[in-house]
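# What the coordinates show
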Amino acid sequence: REIVSPSNGASSTSRPSKDPSSVQADVLQNLEFVVGAPSNKIPNGLDAKSVYRGVAASVREHLIDAFNRTQDYWSEKDPKFVYYLSAEFLMGRSLMNAVQNLELTGTYSEAVKQLGYDLETLRDAEQNAALGNGGLGRLAACFIDSMATLNLPGWGYGIRYKYGMFKQAIDEKGYQQELPDIWLSNGNPWEIPRPDITFKIGFYGSVDNFKWSPGETIIAKAYDNPIPGYKTATVGNLRLWEALPVDEFDLTAFNEGKYDKAVEQRRKAEDISAVLYPNDATEYGKELRLKQQFFFVSASLQDALARFKAKHSDNWQLLPEKAVFQMNDTHPTIAVAELMRLLIDEQNLDWDTAWGIVQKTLAFTNHTVMPEALEKWPVKVLGKLLPRHLEIIDKIDSIWKDSLKEKVLAQVEEMHKKNPPKPKAAKEVPLAKKAGAPAVPEQAEEEEEEEEEDPVEAALNKYGIITENPWEKGVKLVNMAYLAVVGSKAVNGVAAIHSDIIKRTIFKDFFELTPNKFQNKTNGVTPRRWLAWCNPGLAALITETLGTDAWPNDLNLLTGLRQYADDKDFQKKWRAIKHENKARLAAKIKERTGIDLPTEPLYDIQIKRIHEYKRQYLNILSVIYRYHEIKTASPEERKKFVPRVTIFGGKAASAYYMAKKIVRLINRVGMVVNKDPDVKDLLKVVFVPDYNVDWAEALIPAAELCQQISTAGTEASGTSNMKFQMNGCLIIGTMDGANIEIAEEVGKENLFIFGMDESEVPAWREGKRAEWKDYDPRFVKALDMIKDGTFGDEEYFQDLADSVSDMSKSNDWFLVAPDFTDYMRAQDDVDKIYQDQDEWTRRSILYTAGSGFFSSDRTIKQYADEIWDVKPVPVPAA
Ligand code: 7GP
């Protein structure tokens, strides 16, 4: 039998086999020839890591086989393609996902068992591919899973970071430590290096008569990552780019003994794809980041255009019918200028033709309204790195503003009719000017300041892509979100409320001009990874109850569970599965942290990036108060407490001062509470270190309550809320993001909703807060405990305490204090309902039953129909 292995890359004449004994033989071959294990050690003298590599290499054969067939077929049919441009893809592990999506679980479990191992253990030998920060990156991963499953011709395009999201360790003081994520150290069997697919990427240099001569050039090299769909022969592609030098090595410098110089080019180039910026929802205007963005955007566009050209030569008018590029937030939005450049400078199109094509080929998704996340590049930085692009952006900006002049003029006239401007008082001419003397510089400046801005100019400026930095006079910025809006055919938010907010706030003026451009695409998550694969117990019960295993591809079938919500026998089975999942999680937590957890209490979980707007702080304050209550309760009162395990997980951006304090506070509370004999099993507080996709797959199926408690109007959508919902976990949360739509599907009365609405927040921030003195005594008590050193480090925590209570120092922008009382009310409701296990379980079933809408298959279908106009092209089975 011929084998297909990554080492020979040859394609097999026979298809990879699907029966356990030949799979076993195949794994052995791969262990010997790909992993290079000594034959006398195969199979039983090997460590899990090596065996994992052998198994992965074998699974890869199946992937590559189907991948090649898919890509060949699509190439032959030449349908319209979608290219999902994203600086982040948070994939997690691949082995089990591939085996399950390829429907080879039974085969591989059996084959591996015969070799004396079990698949579950091998799965843990895989490193997590954490090429993303949080929601946005994981969404991209769910999207390409759905694209493949729906047979949609499309690729993801991103960066093959050498170091992904940092590893988080918690030191003995509770402090977050950041360690590098060396995720490629055991190799990466899931990628196919493409040394033959490379593009040149230029930076710096100068522009002469519209011709750019880059001062520095590097190479982008492709790596393909096959993405298996489920119950389909389609295997999609995630193409990631690695940065390499044009010249490996400067031999002359080396011969002269200048060793550093000899490798300088290499290091400079490699830096570009070296590390993922670990910021979530905040941006720092670092040149290297812009370099990364341009690097992967340029490579991806050149690649897609080259493929187009191979089929349609110079028929560029056809491009919008063959390709659409979805820009995942502002990170890839330099694509607007780069696509223009490629069409004008490289393909010799005229400006108007090119611009018409661009505006039909690009689309843009916004993921956050946090002002600090909307990227604005200083003109100086962008102009130095990409001088030709700055020129193009400048022209886009002036043509765009020119096109608005008439409209704006009419608006201003209209305004003046209603509100006539006051006539200007005649100015006294300064002495120095009278005699025709040159203006004294200071005077000239003063005069300029006094001069009123032309109202038409002022009105036009709010549409400006290039504008002055309001905080730094004279410093001009390129507003990347505005560039994207102007250059795109569609702009969307990621949940109904969020899409509405962006129309009223950050893109208000643009929405008024082109209302039809603005859409909503409520997020979704893949039900394969986030229900079927991570919760096998529940998946089996669902299949048995519905009498079909079609639901992972048609998640609305879950509504069929509604009729069992009150069925006591069914509830019992449902609860038993949750209990098993809790036990599994407890074992994992014990192994990773040493903490012993009982499995009877309510499991309450908040996992997400640590951010003030997500309000982990609100959660821990309520935990602190609960701790106080338990400690001061009489033996009689103690009986009334509903035992709880409160679990947190999440990383703080390394430079985010307050977030790091919150991590430490949670950890300190845990250290005190968990060893306090007064508390026993009534309360445990766990911070799981290094929260990642793998942790999420263990935490979510075990959760009974999840915290989705962002300040209303701040969380664009949230996606963990959907994953928890699918797994029958109840939500305590605000009317924010997708919580609102979840409440619609599940029935608002079945969620624990609390806090201010989005509409109430601005008034609070603008005025009401100033008069507010009604601090809840429980809130005051919890803060006092932080300040009196109950958890140690009271000085360190002082400003954290002040941030929500001392208005002279901070303004509690995220409304922790005013939402606290209603949060505690909702928490009491939680405890009350949890004591009625039948009612709790009834709700839990309704959550899962109502989660069909949040499959990313639904989201992707909407993108495909309403933005991309891309149609499924199913690949015929082999
Ligand atoms: C997140 C949003 O915060 C979250 O609400 C949403 O569900 C998710 O995107 C997917 O749409 N935003 C980010 O992750 C983000 O802004 C910037 O990252 C790097």
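Residues numbered from 1 in each chain as written. Predicted model: local features only at pLDDT ≥ 70, side-chain atom pairs only at ≥ 80, totals over all residues.

Under an unreviewed UniProt entry, the name given to the protein is Alpha-1,4 glucan phosphorylase, and the source organism is Coccomyxa viridis. Checking UniProt for the protein, the heading Function (unreviewed entry) contains the comment "Allosteric enzyme that catalyzes the rate-limiting step in glycogen catabolism, the phosphorolytic cleavage of glycogen to produce glucose-1-phosphate, and plays a central role in maintaining cellular and organismal glucose homeostasis." As stated in UniProt under Cofactor (unreviewed entry), the record for the protein gives "pyridoxal 5'-phosphate". (UniProt positions renumbered as here; feature names shortened; annotations may be inferred.)

## Regarding unusual backbone geometry
At the junction of Ile42 and Pro43, the peptide bond is cis and its omega measures out at 0 degrees in the coordinates. A positive phi angle is found at Arg615, which is not glycine, with a value near 60 degrees. Relative to the assigned elements, Arg615 resides in the loop between β19 (602-607) and α24 (616-632). Judged by the 27 C-beta atoms lying within 10 Å of it, Arg615 falls in the buried class. (Helix = DSSP H or I, 4+ residues; strand = E, 2+ residues; numbered from the N terminus. Buried ≥ 20, exposed ≤ 12 C-beta atoms within 10 Å, placed from the backbone.)

## Focus: the sheet that holds β19
On the basis of which strands lie adjacent, the open sheet formed by 6 strands has the order β21-β20-β19-β22-β23-β24 and parallel pairing. Both edges of this open sheet fall to β21 (683-688) and β24 (752-753), since each of them pairs with a single strand only. Strand direction decides the pairing type here: strand β22 (residues 705-708) and strand β23 (residues 730-733), joined by 4 bridges, are parallel. When the bridges of β23 are listed, Cys706 appears paired with Ile731. (Pairing = 2+ DSSP bridges.)

## A few points about the nonpolar core
If you look at the biggest cluster of nonpolar residues, it comprises 239 residues, and the most contacted ones within it are Tyr83, Ala335, Leu699 and Ala703. Taken domain by domain, the makeup of this core includes at least three residues from each of domain 1 (1-77 + 94-127) and domain 2 (527-854). Filtering out sequence-adjacent residues up to four positions away, Tyr83 remains in contact with Gly154, Trp155, Tyr157, Ser300, Ala304, Ala323 and Phe325. (Core = buried A, V, L, I, M, F, W, Y, C linked by C-beta atoms within 7 Å. Domains from an automatic or database assignment. Contact = placed C-beta atoms within 7 Å.)

## What to know about the sheet that holds strand β14 (residues 376-378)
Strands pair in a sheet through their backbones, by hydrogen bonds, and they do so in one of two ways: parallel or antiparallel. Spatial strand order, β14-β16-β15: 3 strands in an open sheet with antiparallel pairing. For this open sheet the edge positions go to β14 and β15 (466-468), each flanked by a neighbour on one side alone. Within this sheet the neighbouring strands show an average axis-to-axis angle of 35 degrees, counted without direction. In terms of strand pairing, β15 meets strand β16 (residues 476-479) through 3 bridges, oriented antiparallel. The partner of Thr467 across the bridge, within β16, is Leu477. (Axes fitted to C-alpha atoms, helices over the stretch in contact; angles between N-to-C directions.)

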